[in-house]
Amino acid sequence: MSPARRNSAQGHLFEPTSWQGVTAACAEIARNLGLDVETEVYVGRRIWGARRRIDIVVTDRVQRRSLGIEAKYQKSTGSAEEKIPSTIEDIRAWPIPGIVCFYGPGFSSHMRSFLVSSGKAVELGDLETWLRLYFVLPVPRAAFVPDVREDDAADEDDEADDSSRPRATSGA
């Protein structure tokens, strides 16, 4: 897991080391965008009677639009990953739309893929852009530049070194 990003497109993020740290980082990002933030908002009960709590509720009062955020941190691999699918299912019972914001070295690549592909989760380093899009706030152009991954860079090197590839020539 790469550490939380720090660049002009995503702003300043510290590297959380706990659930509380991820919650604080999410709240900081939302506040820096001018959004209202409430933490640990209780909304009804779960099927077995426990009180349902949303970690963070972010609101744009002008648009009258809110979003719940469930913060997840995982330091090492373990059973916490097994609870993630039920967390995403629980979000469906919230009275407002919601997502999971996750961070930590303990999330396996399979769980990261599951979370992102669910459409209901975002990595902490991508939260600012996600909130900008959701709340219809201006998004810096740099936020849309894809990350260059080692696999992509290796493919480009292979293409550059391929002298056996036919070259286009002009016929004039």
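Residues numbered from 1 in each chain as written. Predicted model: local features only at pLDDT ≥ 70, side-chain atom pairs only at ≥ 80, totals over all residues. Heavy atoms only, no water.

## Observations regarding the packing of aromatic side chains
Point 1. This structure, assessed with the given rule, holds four aromatic pairs.
Point 2. Between Trp 130 and Tyr 134 the ring centres are 5.6 Å apart and the planes differ by 15°, which places this aromatic pair in the stacked class. Here the residue Trp 130 and the residue Tyr 134 both occupy positions in helix α4 (residues 127-134), the gap between them amounting to four residues, near one helical turn.
Point 3. Given a relative accessible area of 25%, Trp 130 falls into the partly exposed group.
Point 4. Using a relative accessible area of 15% as the deciding quantity, one classes Tyr 134 as buried. (Phe/Tyr/Trp six-rings, centres within 6.5 Å; stacked < 30°, edge-to-face > 60°. Helix = DSSP H or I, 4+ residues; strand = E, 2+ residues; numbered from the N terminus. Buried < 20%, exposed > 50% of the residue type's maximum accessible area, 1.4 Å probe, protein only.)

## A closer look at the side chain of Asp 60
Point 1. You can see Asp 60 is positioned in strand β2 (residues 51-60).
Point 2. In this structure, Asp 60 is buried with no salt-bridge partner, the nearest side chain bearing the opposite charge being Arg 65 at 8.2 Å.
Point 3. Within the structure, Asp 60 has its side chain in polar contact with the backbone nitrogen of Val 62 (distance 3.0 Å).
Point 4. With residues up to four places along the chain from it excluded, the contact list for Asp 60 reads Leu 35, Arg 65 and Phe 135. (Lys, Arg positive; Asp, Glu negative; His and termini not counted. Salt bridge = Lys/Arg side-chain N within 4 Å of Asp/Glu carboxyl O. Polar contact = N/O pair within 3.5 Å; in protein donor to acceptor, adjacent residues only side chain to side chain. Contact = heavy atoms within 4.5 Å.)

## Quick notes on the side chain of Thr 23
Point 1. One can find Thr 23 in helix α1 (residues 19-32).
Point 2. Thr 23 sits in the buried class, given a relative accessible area of 9%.
Point 3. The contacts of Thr 23, once residues within four sequence positions are left out, are Thr 39, Ile 56 and Ala 71.

## Concerning the pairing of β2
Point 1. Within β2, eight of the 10 residues are buried, leaving the element largely enclosed by the surrounding structure.
Point 2. Here strand β1 (residues 36-45) pairs with β2 via seven bridges, running antiparallel. If you follow Thr 39 over to β2, its bridge partner there is Ile 56.
Point 3. Pairing of β2 with strand β3 (residues 65-73), which is carried by five bridges, proceeds in the antiparallel orientation. Note on β3: the bridge partner recorded for Val 57 is Gly 68.
Point 4. In this antiparallel pair of consecutive strands, β2 and β3, the connection spans four residues, and Arg 64 shows a positive phi of 55°. (Pairing = 2+ DSSP bridges.)

## Quick look at the pairing of strand β4 (residues 98-103)
Point 1. Within β4, six of the six residues are buried, leaving the element largely enclosed by the surrounding structure.
Point 2. Because side chains alternate across β4, one face comprises the buried residues Gly 98, Val 100 and Phe 102, and the other comprises Ile 99, Cys 101 and Tyr 103, equally buried.
Point 3. Sheet topology note: the β4/strand β5 (residues 121-123) ladder contains three bridges and is parallel. In the sheet register, Cys 101 faces β5, and the bridge partner there is Val 122.
Point 4. Between β4 and its parallel partner β5, the chain crosses via helix α3 (residues 109-117), and the hand of that crossover is right-handed. (Right-handed = clockwise from strand over helix to strand, strands pointing away.)

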